[in-house]
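The primary structure of each chain is shown beneath.
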Amino acid sequence: MSTTFKFAVFIGLLITNTFQVSFSSVISTGDFNKDFSVTWSPSHVYTTSDGRTRSLKLDQESGSGFVSNQMFLFGQIDMQIKLVPGHSAGTVVAFYLSSDQPKRDEIDFEFLGNVSGQPYILQTNVYADGNDDREERIYLWFDPTKNFHTYSVLWNLHQIVFMVDRIPIRLYRNHADKGVAYPRWQPMSIKASLWNGDSWATRGGKDKIDWSKGPFIASFRNHKIDACPWNGNPRFCRAESSTNWWNKERYSTLTSTQRRWFKWVRLHHMIYDYCQDNKRFQNNLPKECSLPKY
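Everything in this summary refers to the structure shown in the same document. Nothing here was measured: the structure is a model prediction, and the numbers come from that model.

## Some remarks on the nonpolar core
Among the nonpolar cores identified, the biggest contains 63 residues, and F109, F111, L140, Y151, W155, I160 and F220 are the most heavily contacted of them. Other than its neighbours up to four places away in sequence, F220 contacts F32, R52, T53, R54, L56, F66, M79, Q80, I81, V93, F148 and A192.

What follows is the structure, encoded as structure tokens:
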């Protein structure tokens with residue numbers, strides 16, 4: 001093999017590796033105007049001049065929302081959110097990932113408004129291959145309307161971890177090898193919205209929105225998207241590499257400290273777990289309910 005040919009092969013491999021790295025991770029700009037587009041009611045969306053904070057408004061005219069300009073397959077998404085203060089019954093603030101396909105995948109945070117003085121309920125849900133009915137609910141252990149708090153999703157080949165201020169509140173493991181649907185092929189957009197959910201959100205729809213308390217405002221800031229941008233080929237995102245750090249073995253389960261926090265949340269703050277709702281599933285709970293979480 002000639003020296004020239006060896007050099008050409010080396011350059012080719014270098015270009016290939018560089019190409020793969022360039023498509024395997026992205027760090028967001030932190031500017032909502034650059035990373036997201038308004039999808040719903042621009043008149044109800046306010047963004048600060050530096051693009052770092054965005055607020056959504058709900059009134060009798062409309063709700064509002066925005067979506068990421070890119071789609072992603074695996075990674076970690078962080079968003080700081082300050083929820084609707086005061087009497088917010090019937091309102092829903094959603095921060096989620098969605099594939100927008102007929103058999104869609106989705107990873108949801110939904111914050112359910114309340115009557116003044118009551119704790120906020122955080123509902124999480126996972127759609128996989130179009131199947132949902134995987135809700136869990138907790139009471140937040142702080143007032144999420146006073147300050148911004150960080151809500152995160154770690155999504156990789158091994159597990160989905162929902163986190164609040166880095167504390168894991170929910171796990172959904174990849175048990176696809178055991179016949180459990182898991183989001184692993186469809187890229188997802190990052191979305192946020194504020195909308196009228198008073199048919200179900202607060203006490204099963206008993207508490208309706210009191211429009212005299214509006215307009216209702218939720219604010220978002222300091223988003224971080226450390227994820228694999230979709231380029232049409234899942235191979236780049238499914239690979240384990242220095243940039244695809246989330247797919248490494250160390251992120252395949254919780255650390256011992258994370259497990260302690262996770263158990264604390266489940267013991268003291270959980271108010272609904274679909275895996276304990278035998279009535280709903282007629283004593284035929286979803287298969288993952290009998291499989292290990294970590």
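Having seen it, we continue.
## Re the state of the cysteines
Summed over all chains, the structure comprises two disulfides. With its sulfur 2.1 Å from that of its partner, C228 forms a disulfide with C237. The S-S bond linking C228 to C237 shows a torsion near -75 degrees; that makes this disulfide left-handed. Cysteines bonded in the protein are numbered consecutively along the chain; their disulfide partners then correspond to 1-2, 3-4.

## Considerations on the pairing of strand β8 (residues 121-127)
For β8, a buried count of seven out of seven residues is recorded, marking the element as mostly surrounded by other parts of the structure. Of the two faces of β8, the one holding I121, Q123, N125 and Y127 and the one holding L122, T124 and V126 are both buried throughout. Inspection of the sheet shows strand β7 (residues 106-112) paired to β8 by seven bridges, in the antiparallel sense. Within the sheet, the bridge partner assigned to L112 lies in β8 and is I121. With four bridges connecting them, β8 and strand β9 (residues 136-139) associate as antiparallel partners. Bridged to Q123 within β9 is R137.

Reading the values: rules and limits
- Residues numbered from 1 in each chain as written.
- Predicted model: local features only at pLDDT ≥ 70, side-chain atom pairs only at ≥ 80, totals over all residues.
- Heavy atoms only, no water.
- Core = buried A, V, L, I, M, F, W, Y, C linked by side-chain atoms within 4.5 Å.
- Buried < 20%, exposed > 50% of the residue type's maximum accessible area, 1.4 Å probe, protein only.
- Contact = heavy atoms within 4.5 Å.
- Disulfide = S-S within 2.5 Å.
- Helix = DSSP H or I, 4+ residues; strand = E, 2+ residues; numbered from the N terminus.
- Pairing = 2+ DSSP bridges.

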